[in-house]
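Residue strings, one per chain:
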Amino acid sequence: MENKDRFVIERGRPACTTFKTVQIWTDTFEKLKAVSEENNIRLCQLIDDMVSFCMERLEVVEVEAK
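The structure presented is a predicted model; accordingly, all values stated were derived computationally and were not measured.

Chemist: Explain helix α1 (residues 26–38) here, please?
Modeler: Residues that lie three or four places apart on an α-helix share one face, since the helix turns once every 3.6 residues. Counted at 1.5 Å a residue, the expected span for α1 with its 13 residues is 18 Å, and the 18 Å between its end C-alpha atoms agrees. Where α1 ends, the next residue or the one after it, N40, has phi of about 50 degrees, a positive value.

Below is the structure:
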C-alpha cells in the first residue's frame, strides 16, 4: 500500500491462519460483511487490512476534561 489516501485491498494468502474472537456492533458487522461480499474478499482479510491501514495513520491526542 503506497498511496496513503486510499484503502487498497490486496488479495492473497494469509500470513497467519489462527484467529481470535472479537465483539463488534451488529451494524458494523453488517457493513463489513457487505464490503466483504461486494469485493469477494474474506471478512478476516478485510478487517486485517483495515486495521493495518488505520494503525499506520493513528494519532492519539489528549482532550481536556470539561
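From this point, things continue past the structure.
Chemist: Any chance you could explain the pattern of salt bridges here in plain terms?
Modeler: Should their charged atoms come close, side chains of opposite charge can pair. Following the criterion strictly, the structure yields 2 salt bridges and no others. Close ionic contact of K33 with E37 constitutes a salt bridge, the shortest N to O distance being 3.4 Å. Within this pair, K33 and its partner E37 are both found in helix α1, separated by 4 residues, close to a single helical turn. By relative accessible area, which is 54% here, E37 ends up exposed.

Chemist: Which parts of the structure should I look at to understand the environment of F53?
Modeler: Looking at where F53 falls in the secondary structure, it is placed in helix α2 (residues 43–57). Using a relative accessible area of 16% as the deciding quantity, one classes F53 as buried.

Chemist: In this structure, what is going on with the state of the cysteines? I would like to understand it.
Modeler: Between two cysteines, a covalent bond joining their sulfur atoms is known as a disulfide. A complete count under the given rule lists 0 disulfides for this structure. For C54, which is in no disulfide, the shortest distance to another cysteine sulfur is to C44 and amounts to 17 Å. A relative accessible area of 46% places C54 in the partly exposed class.

Chemist: Looking at this model, I keep getting lost on the packing of α1 against α2. Mind explaining?
Modeler: The N-to-C vectors of α1 and α2 enclose an angle of 105 degrees; their axes lie 9 Å apart at closest approach. In terms of axis orientation, α1 runs roughly perpendicular to α2. In this structure, α1 uses F29, L32, K33, V35 and S36 to contact α2, whose residues at the interface are L43, L46, I47 and M50. Residue composition of the contact of α1 with α2, by class: 7 nonpolar, 1 polar and 1 charged.

Chemist: It is not clear to me how the packing of aromatic side chains should be interpreted in this structure. Could you clarify?
Modeler: Aromatic ring pairs are reported here in terms of the distance separating the ring centres and the angle at which the planes meet. For the structure shown, the criterion picks out 0 aromatic pairs. The positively charged end of R57 is found above the aromatic ring belonging to F53, 3.8 Å away from the centroid.

Chemist: Would you mind going over the side chain of Q45 with me for this structure?
Modeler: Of note, Q45 is situated in helix α2. When sequence neighbours within four positions are dropped, the list of residues in contact with Q45 reads E10, R11 and G12.

The rules behind these values
Residues numbered from 1 in each chain as written. Predicted model: local features only at pLDDT ≥ 70, side-chain atom pairs only at ≥ 80, totals over all residues. Heavy atoms only, no water. Helix = DSSP H or I, 4+ residues; strand = E, 2+ residues; numbered from the N terminus. Expected span 1.5 Å × (residues − 1). Salt bridge = Lys/Arg side-chain N within 4 Å of Asp/Glu carboxyl O. Buried < 20%, exposed > 50% of the residue type's maximum accessible area, 1.4 Å probe, protein only. Disulfide = S-S within 2.5 Å. Axes fitted to C-alpha atoms, helices over the stretch in contact; angles between N-to-C directions. Parallel < 35°, antiparallel > 145°, perpendicular 65-115°, else oblique. Contact = heavy atoms within 4.5 Å. Nonpolar A, V, L, I, M, F, W, Y, C, P; charged D, E, K, R; others polar. Phe/Tyr/Trp six-rings, centres within 6.5 Å; stacked < 30°, edge-to-face > 60°. Lys NZ or Arg CZ within 6 Å of the ring centre and 35° of its normal.

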